[in-house]
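The primary structure of each chain is shown beneath.
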Amino acid sequence: RTISGWLIGMLLASLSLPVMANDWTEVRYDSERDIRVFTRKVKGSDLKAFRAVTHVESTLTGLVALLEDAPEAKDWVFKCRRMELLESVSPTEAVYYMITDMPWPVKNRDSISRTLVTQNSETGVVRVDITAADGVMKAKKDLVRIREMAGYWQFTPKEDGRVEVIYEAHADPGGGLPSWLVNSFVVDAPLNTLRGLQDKIGKDKYQNASREYISNL
């Protein structure tokens, strides 16, 4: 099996996209959950990129296993209705399909993402890069396809035994969304997705998981 980088939820962003030179702006801080959400503008896009940061008690493999567990995504990824593995390209690369719920009367979105997991052999940092993989599956009439998307998850082991989690992403949701929905989504999606990750990560099936391509420091 390979890693589901996920989407995340549906709107994702990455440093590989052309962003403005301005720094990230903190827009939400959940002190109880230790989650900070930042946004910044992206050239040529009405939708801002987001970055969310938190810390969890987990093995690196446990976080990888959670992202990889596509059927569980609907229970922790913000507004995820369904996620499924389409193709295991290699132990570290996969293609996923996801449907994201949107408030009426906006049409639900779907997306196809390619994920690639790597680990720095010196620092132990794990990164899951996510890019759009449109063209793998024909678009459905009742859904709007997200065709532009990029982002990543990054897991950094810390000296206190915890892991720093960074979730950064940007996407073009297509179809023309009202500004209130766009502005709320880039905050609500990463905030609630990280809350969901915190609630799930302690499960034995993740903490007892093993992956040959991940070394737990």
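For clarity, every value in this text was computed on a predicted model and none was experimentally measured.

A short note on the packing of aromatic side chains
For the structure on display, the rule yields 5 aromatic pairs. Each ring, one from Phe50 and one from Tyr167, has its centre 5.1 Å from the other, and the planes form 70°; the classification is edge-to-face. In this pair, Phe50 sits in strand β3 (residues 49–56) while Tyr167 sits in strand β10 (residues 163–172), placing the two residues 117 residues apart along the sequence. By relative accessible area, which is 1% here, Tyr167 ends up buried.

What to know about the pattern of salt bridges
Inspection of every chain in the model, using the stated rule, returns 16 salt bridges. For the salt bridge of Arg211 with Glu68, the shortest nitrogen-to-oxygen distance reads 2.4 Å. Taken as a pair, Arg211 in the segment after α3 (204–207) and Glu68 in helix α1 (residues 60–68) lie far apart in primary sequence, 143 residues in all. Taking the relative accessible area as the measure of exposure, Arg211 reaches 21% and is therefore partly exposed. For Glu68, a relative accessible area of 1% translates into the label buried. The salt bridge partner of Asp110 is Arg145, with a shortest N-O separation of 2.8 Å. On the criterion of sequence distance, the pair formed by Asp110 in strand β6 (residues 109–119) and Arg145 in strand β8 (residues 144–146) is long-range, its members being 35 residues apart. Across the pair, exposure class does not vary: Asp110 and Arg145 are buried alike.

Observations concerning the nonpolar core
With 48 residues, the main nonpolar core has Leu63, Trp153 and Phe155 as its most contacted residues. When residues in this core are grouped by element, the largest group, 9 residues, is from helix α2 (residues 179–200). Grouped together as the second largest cluster of nonpolar side chains are 7 residues, Trp24, Phe38, Val42 and Ile166 included.

Focus: the pairing of strand β9 (residues 148–157)
Counting buried positions along β9 gives 8 out of 10 residues, so the element sits mostly inside the fold. Here 6 bridges tie strand β7 (residues 126–132) to β9, and the two strands are oriented antiparallel to one another. Note on β9: the bridge partner recorded for Asp129 is Tyr152. The pairing of β9 with β10 spans 10 bridges and is classified as antiparallel.

Description of the side chain of Arg109
Tracing the sequence through the fold places Arg109 in strand β6. Since its relative accessible area comes to 2%, Arg109 is described here as buried. Polar side-chain contacts of Arg109 include one of 2.8 Å to the backbone oxygen of Lys107.

Some details on the confidence of the model for the chain
For the chain, mean pLDDT is 86; residues scoring 70 or higher make up 89% of the total. Across the chain, element-level confidence peaks in α3 with a mean pLDDT of 98 and bottoms out in β8 with 86. Contacts from residues 1–21, a stretch scored under 50 in pLDDT, to residues over four places away or in other chains number 117 contacts.

Describing the environment of Arg147
Its place among the elements puts Arg147 in the loop between β8 and β9. Note on Arg147: relative accessible area 46%, which makes it partly exposed. In the structure, Arg147 is positioned 37 residues away from Asp110 in sequence and 9.2 Å away in space, judged by C-alpha atoms. Not counting chain neighbours up to four residues away, the residues in contact with Arg147 comprise Ala132, Asp134, Ala139 and Asp172.

Digging into the side chain of Asp30
Within the secondary structure layout, Asp30 lies in strand β1 (residues 25–30). Separated by 3.0 Å, the side chains of Asp30 and Arg195 make a polar contact. Apart from the residues within four sequence positions on either side, Asp30 is in contact with Ile35, Leu191 and Arg195.

Conventions adopted
- What you see as residue numbers is a count from 1 along each chain, following the sequence as written.
- Residue-level local features of this predicted model are given only where pLDDT is at least 70; pairs of side-chain atoms are given and counted only at 80 or more, and the full residue set underlies all totals for whole chains, interfaces and linings.
- With hydrogens and water set aside, each side-chain value is computed from the structure's full complement of heavy atoms.
- Two aromatic rings, drawn from Phe, Tyr or Trp (for Trp, its six-membered ring), form a pair once their centres lie within 6.5 Å of each other, and the interplanar angle then sorts them: stacked below 30 degrees, edge-to-face above 60, tilted otherwise.
- Numbering goes from the N terminus for both helices and strands, where a helix is a DSSP run of H or I of at least four residues and a strand is a run of E of at least two.
- Note on exposure labels: buried denotes an accessible area under 20% of the residue type's maximum, exposed denotes more than 50%, and partly exposed covers the range between, all computed with a 1.4 Å probe on protein chains only.
- Salt bridges, as used here, are contacts in which a Lys or Arg side-chain nitrogen is within 4 Å of a carboxyl oxygen on Asp or Glu.
- Only buried Ala, Val, Leu, Ile, Met, Phe, Trp, Tyr and Cys residues count toward a nonpolar core, and they belong to the same one when joined by side-chain atoms within 4.5 Å.
- The pairing criterion is simple: DSSP has to find at least two bridges between the two strands.
- For this analysis, a polar contact is any N or O atom pair within 3.5 Å, provided that within protein one partner can donate a hydrogen and the other can accept it, and provided that sequence-adjacent residues contribute only side-chain to side-chain pairs.
- On a range of 0 to 100, pLDDT expresses the predictor's confidence in each residue.
- In this description, contact between two residues means that some pair of their heavy atoms is separated by no more than 4.5 Å.

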